[in-house]
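# Structural characterization, general
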Amino acid sequence: MPPNSSLPTRLPAFRILVLGLTLGLLALVLGPPASHASAAPSPSSSDQPSIETAPHTASETASASSAAASTAGADQPDGRSVVVGIPGLTLNDIDPDRTPNLYELFRSGASANLNVRTIGSATCPGSGWLSMGAGARAMAGPSEEAIEDDEDRTARCPTMTAPSTHTSDDGDTDESTPGTTKSTGSDASGSDEDLDAKSVPGTTTAKIDDFDSVKAPNIGTGYTVDYGMLSRLVAENAASETEPADASANDASLDACVAAEGSGAAYAVADSEGIVRNYTDDAIATNCRLDLIDLGAIGTRSWLFNPIPNYSYTMPVNFNRETRVAEADKRLGVKLDEIQKSAEPGSADPTIIVAGLGDSSGLPQLRAFIASGPGYEPGTVSSASTRTPGLLQLTDLAPGLLNQLGLDSPSGIAFETTPDSDDPQDRLDDLVSASQKATTIYQHLSTFSLLLDITFYVLFIVCGIVLSRSILGRRGGATIAPFIHRSLAWVSLLIASLPMGAFLAGLFPWARLSQPGLGLSVSVAVGSILVFAVSLLPPWGRTWRGRVAALALLSVLVISVDLATGSRLQGNSLLGYNPIVGGRFYGLGNQGAAIFIVGLFIFLGLAISWLRAHGHRRLVIVLPVVLGLAAVFVSGNPSWGAKFGGTIATLAGLLVLLALVSHIRLSVFRLILIGAASLAVLIGIAFLDWLRAPGERSHFGNFFDQLVTGEALQVIGRKLGANLHIIQVNPALAIVTPLAVIAILFFLRYLLHFPRIGPASRTGRLTNKWRGRLPQVFEDQDIHFGFLAAVTGMAVGLVLTDSGIAVPSTGAMVLLPYLLALSAEHADETAGIRSSTRRGGAAGSRDTAVSKRTGRA
């Protein structure tokens, strides 16, 4: 580091830079607004229609509105809304011949793939219904331990307990819905007459006994669950608002309530005490504005209870998915026919929504969402939470339905439709392809991660062997050493291309192939080769510095362009985020942030070195300021990267780089000051984003809202638990970072860059057992500064980013290959000899002496 005497003259300029950075960051809020998308069995009764009734097509019941509407809630429908839940249903199940009712709803309305992730990898039907009614991720119990202890269980999902019904005519009556598990507990909330008084005609009030066991799995998860939120807000609206003077006759004739039919619908309506208002065995016969109907699940014998073919929880001996889906479609046709027959003359068209509220096996998939009726033109549906056309998540349904009914929800989420004039089958094929892509990525995430881990470990072992004195110190080692360093450099450069190949694979339509897994592998390989080839093009491809700089800059540019255009490569990527997992749906992911940070600062270090060598002194400061601010903008813009922790990490690394390039000595206090300033700026941006409407906020605004509501500590605890979970389920990833540190310190001999570690010290003797070239690389202080900035960014990302362990682990898989490639630039030099012009004659003499003593002079 330069002497402290330069500090007084440099510090004011640095303060000006910090002020400029702060002002530039505030421009983030002036960016474009959040880029939204453009635009359990049915209970049986004695009068239940036969399941063999001929199917009625959806066109007889629900028609799309002729008026164009980009948002479903823009023109509130006057008719009733009916939500039919069929857990396990996917868009791939829809067929014009086998499922005519589902296909007609799809043809005439808008649709999307539905993420049903709650708590845990796969979602049971009870969890899906519970989450839909609460508008939050929730799991329905009993717990997995209780299920495993029950020797009579033949499936992994808990049985949904049907609520006990009560009637005011006969207080002794306690009926369970036929075909479901009967509960025998007493109602603790009051007499039967009191309960029924709160129900609308045609319904009753029921109670799910032992509801505490249903709620038990949600305790301590870090998620706040408002049980029955959807039903409560609909009822509160009726109690708090008088009849509008201009309300239509159709609207005024409907009661502001939610009718629940079936055990799953009861889970969605139940409050925290398990009380189910307006429970019925025929929701269509009621007068509620919103009906929830549980048609049963499409599952396998080893996974789900209450399959479609019968109304009991007994598992069928034989299982055929197409048969179950066709049966579900028939029952849907019966319900659609009931809706048509119950409609009064001149009444408004109803809104029909069909949703696959849960998984059908241990393999999670995207499920089906279909909406037909006023406001839903043929096309796709999305929400502000996903910002992806044709993609919703389970927690969007409750606020979307409230918006559809003209009510406000805490999240402000609304369904947004994007009209599409394509042929219905083409629209269906596109959505099925997107679902298949997500499933294939999900299935191969572990394999690709393991491949990267093994590749890194092999590189680690090879470095440890071939760079040791036992190999290169033998007779002829001086001839072999340059070849070994160059070979390692070529392999490392190719390895560093793999992550970007995983992103670029999204440019190819591999999901439409008959073997999508093979198509994905080929696409990743092609993308990696293309990136590798670009790094070899002249003029930059003539030197190792140029190749590394080109690869690093290309990574930054590809990620930046992708974020600015909707993060289509980040989403559904092996190194991005997956819509089935549902951790993030837009913006910059953890692994993408790691590659972005490392690529940015390695390139800046190399570029600053080149500029300084060619006498461009002003550009030495201007380039990192301009490019660094642009990178912070890309990462932090709520409409692009929306990466809170990653933006702080990038900003902190940038400030460290500017301080080092400006020859300002960094003390612990100044590092803490840099971190505090970065955090303060991002908190300010989060506050400005929080001022937007709830449905328009990004991750920044949601984080600030958690600070305001006091949920921040709970969320932070959940995220820390996620880091620990990653370490448990993928220890191979967790140890990548310490192995990279060992490789840099010893195999590449970074410790020799520090004069206090002498050859006679224990560390010096251990280090000199390997002949890495990193000390020669870091003789160029600008490259060294870029390295330190990258390490700073990864360290901050580890602390502040969700599942932050992935940031340094992924960054190490890129940083180490970059350093190995740069070391090949000095392959022909004698190891250990440093430039006397930079370190002084004394240091040069000492290093020469060290080299002679180790036999490498």
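As the structure is a computational prediction, the values presented were derived from the model and not from experiment.

### A short note on the overall build of the chain
Regarding its fold elements, the chain presents 30 helices and 12 strands. The 857 residues of the chain split such that 56% are buried. Accessible area of the chain: about 33,900 Å², with a carbon and sulfur share of 59%.

### Overview of the packing of aromatic side chains
For the structure on display, the rule yields 12 aromatic pairs. Ring plane angle 55° and centroid distance 5.4 Å describe the contact between F369 and F415, whose orientation is recorded as tilted. Here F369 is found in strand β9 (residues 367-372), whereas its partner F415 is found in the loop between α11 (397-404) and β12 (416-419), with 46 residues between them in sequence. Considered together, F369 and F415 belong to a single accessibility category, that of buried residues. On the numbers, 4.9 Å between centres and 55° between planes, the contact of F460 with F747 is tilted.

### Regarding a nonpolar patch on the surface
A surface patch of nonpolar side chains, amounting to about 520 Å² of accessible area, comprises L507, F508, L518, V522, V526 and L530. By secondary structure assignment, the location of L530 is in helix α15 (residues 516-535).

### Quick word on the environment of T395
Structurally, T395 can be placed in the loop between β11 (391-393) and α11. Linking T395 and G128, residues 267 residues apart in sequence, is a C-alpha distance of 9.4 Å. Filtering out sequence-adjacent residues up to four positions away, T395 remains in contact with G135, A136 and R137.

### Some details on a negative patch on the surface
Taken together, the side chains of D422, D423, D426 and D429 define an acidic patch exposed on the protein surface. Along the chain, the position of D422 falls in the loop between β12 and α12 (424-466). Judged by its relative accessible area of 39%, D422 is partly exposed.

### Some points on the nonpolar core
Membership of the largest hydrophobic core comes to 119 residues, with the highest contact counts inside it found for L467, F601 and Y818. Per-element accounting of this core gives the leading share, 14 residues, to helix α17 (residues 590-613). Ignoring any residue separated from it by four or fewer positions in sequence, one finds Y818 in contact with A496, V548, L551, A552, S555, V598, G599 and I602. One finds A112, L114, V269 and A270 within the second-largest nonpolar core, a separate group that totals 50 residues.

### Section: the state of the cysteines
Note: disulfide means a covalent bond formed between the sulfur atoms of two cysteine side chains. For the coordinates displayed, the defined rule picks out two disulfides. With a sulfur-sulfur separation of 1.9 Å, C257 is cross-linked through a disulfide to C288. An S-S torsion of about -105° defines the bridge between C257 and C288 as left-handed. Placement of C257 in strand β5 (residues 255-261) and of C288 in strand β7 (residues 288-294) is noted, with a sequence separation of 31 residues between them. Owing to a relative accessible area of 0%, C288 belongs among the buried residues under this scheme. Look at the chain and number its bonded cysteines as they come in the sequence; the links are 1-2, 3-4.

### As for unusual backbone geometry
Between P538 and the following residue, P539, the backbone shows a cis peptide bond with an omega angle of 5°. Along the chain, the position of P539 falls in the loop between α15 and α16 (544-564). Of note, D210 is a non-glycine position whose phi angle comes to about 55°, a positive value. Despite not being glycine, N572 shows a phi value in the positive range, around 60°. Inspection of the secondary structure assignment puts N572 in the loop between α16 and α17.

### Structural notes on α16
For α16, which comprises 21 residues, the first-to-last C-alpha distance of 30 Å matches the rise-based estimate of 30 Å (1.5 Å per residue) to within 8%. In terms of residue burial, α16 counts as a mostly covered element, since 15 of its 21 residues are buried. Looking one or two residues beyond α16, the residue adopting positive phi is G566, at roughly 110°.

### A short note on the packing of helix α19 (residues 644-661) against helix α27 (residues 781-800)
At a closest axis distance of 8 Å, the pairing of α19 and α27 adopts a crossing angle of 155°. On the basis of their axis angle, the class for α19 and α27 is roughly antiparallel. Every pair of crossing elements has a handedness; the one defined by α19 and α27 is right-handed. Here α19 contributes G645, I648, A649, A652, G653, V656, L657, L660 and V661 to the contact with α27, which in turn contributes F785, G786, L788, A789, T792, G793, V796, G797 and L800. Of the residues that constitute the contact of α19 with α27, the class distribution is 12 nonpolar, six polar and no charged.

### Concerning the pattern of salt bridges
Evaluation of the coordinates by the stated rule reveals 14 salt bridges. Across the salt bridge formed by D212 and K215, the nearest N and O atoms sit 3.7 Å from each other. Separated by three residues within a single helix, D212 and K215 lie in helix α6 (residues 211-215), roughly one turn from each other. Accessibility expressed as a relative area gives 17% for K215, which makes it buried. For the salt bridge of R612 with D782, the shortest nitrogen-to-oxygen distance reads 2.8 Å. Remark: D782 occurs in helix α27 and R612 occurs in helix α17; sequence separation between them is 170 residues. Judged by relative accessible area, which is 4%, D782 ranks as buried.

### Description of the confidence of the model for the chain
Per-residue confidence for the chain gives a mean pLDDT of 79, with 75% of residues at or over 70. Low pLDDT (under 50) marks residues 1-14, which in the prediction has 13 contacts with non-local residues, meaning those over four places away or in another chain.

### Brief notes about helix α20 (residues 668-690)
In this model, α20 (23 residues) spans 33 Å end to end at C-alpha, consistent with the 33 Å of a helix rising 1.5 Å per residue. Those residues of α20 that sit buried are I674, S678, V681, L682, I685, A686 and D689.

### Considerations on the side chain of T203
Locating T203 in the fold gives a position in the loop between α5 (192-196) and β4 (204-207). In terms of polar contacts, T203 uses its side chain to reach the side chain of N278, at 3.2 Å. With sequence-adjacent residues up to four places away left out, T203 is seen in contact with N278, Y279, T280 and T286.

### What to know about the packing of helix α18 (residues 617-636) against α19
In a packed pair of helices, the relevant descriptors are the angle between the two axes and the axis-to-axis distance. Orientation of α18 relative to α19, taken along the N-to-C sense of each, is 175°, at an axis distance of 9 Å. Relative to α19, the element α18 lies roughly antiparallel. Here V620, I621, P624, V625, G628, L629, A631, V632, S635 and G636 of α18 come into contact with α19, specifically with G646, T647, T650, L651, L654, L657, L658 and V661. Here the residues of the contact of α18 with α19 sort into 12 nonpolar, six polar and no charged.

### A short note on the pairing of strand β2 (residues 110-115)
Counting buried residues along β2, six of its six residues qualify, which places the element largely inside the surrounding structure. Here five bridges tie β2 to β9, and the two strands are oriented antiparallel to one another. Residue pairing for β9: S111 is matched across the bridge by I370. As paired strands, β2 and strand β10 (residues 379-382) are joined by two bridges and run parallel to one another. For S111, the partnering residue across the bridge sits in β10 and is T380.

Rules used throughout
- Residue numbering note: each chain is counted from 1, following its sequence as written.
- Totals for whole chains, interfaces and linings use every residue, but because this is a predicted model, local features are given only for residues with pLDDT of at least 70 and side-chain atom pairs only at 80 or more, for both listing and counting.
- To obtain the side-chain values, all non-hydrogen atoms of the structure were used and water was disregarded.
- In DSSP terms, a helix is any run of H or I states spanning at least four residues, a strand is any run of E spanning at least two, and both are numbered starting from the N terminus.
- The classification of residues rests on relative accessible area computed with a 1.4 Å probe and restricted to protein chains. Under 20% of the type maximum is buried, over 50% is exposed, and intermediate values are partly exposed.
- Using the Shrake-Rupley algorithm and a 1.4 Å probe, accessible areas are obtained, with residue cover drawn only from the displayed protein chains.
- Here a pair means two rings of Phe, Tyr or Trp (six-membered ring of Trp) with centres within 6.5 Å. Their orientation is stacked below 30 degrees between planes, edge-to-face above 60, and tilted elsewhere.
- Only residues whose relative accessible area exceeds 30% and that take part in no salt bridge are eligible for patches, with like-charged residues grouped when within 9 Å of each other and nonpolar side chains (Val, Leu, Ile, Met, Phe, Trp, Tyr) grouped when within 5 Å.
- What counts as a salt bridge is simple: a side-chain nitrogen of Lys or Arg found within 4 Å of a carboxyl oxygen of Asp or Glu.
- Every residue pair with non-hydrogen atoms within 4.5 Å of one another is taken to be in contact.
- The positive count covers Lys and Arg only, the negative count covers Asp and Glu only, and His and the chain ends enter neither.
- Charged side chains are reduced to one point each, which is NZ for Lys, CZ for Arg, CG for Asp and CD for Glu.
- Residues belong to one nonpolar core when they are buried, are Ala, Val, Leu, Ile, Met, Phe, Trp, Tyr or Cys, and are joined through side-chain atoms within 4.5 Å.
- Put simply, a disulfide is two cysteine sulfurs that come within 2.5 Å.
- Here, expected helix span is obtained from the residue count minus one, scaled by 1.5 Å.
- Throughout, an axis means a line fitted to C-alpha atoms (over the contacting stretch in the case of helices), and angles, computed between N-to-C directions, take values from 0 to 180 degrees.
- Here the word oblique covers every angle except those under 35 degrees (roughly parallel), over 145 (roughly antiparallel) and from 65 to 115 (roughly perpendicular).
- Note on convention: near helix rotated counterclockwise from far helix by under a right angle means a left-handed crossing. Clockwise means right-handed.
- Gly is put with the polar residues, along with every residue not named as nonpolar or charged; the nonpolar set is Ala, Val, Leu, Ile, Met, Phe, Trp, Tyr, Cys and Pro, and the charged set is Asp, Glu, Lys and Arg.
- By definition, pLDDT measures how confident the predictor is in each residue, and it falls between 0 and 100.
- Under the rule applied, a polar contact is a pair of N or O atoms within 3.5 Å (in protein, one hydrogen donor and one hydrogen acceptor; residues adjacent in sequence only if both atoms are side-chain atoms).
- We treat two strands as partners when DSSP finds at least two bridges between them.

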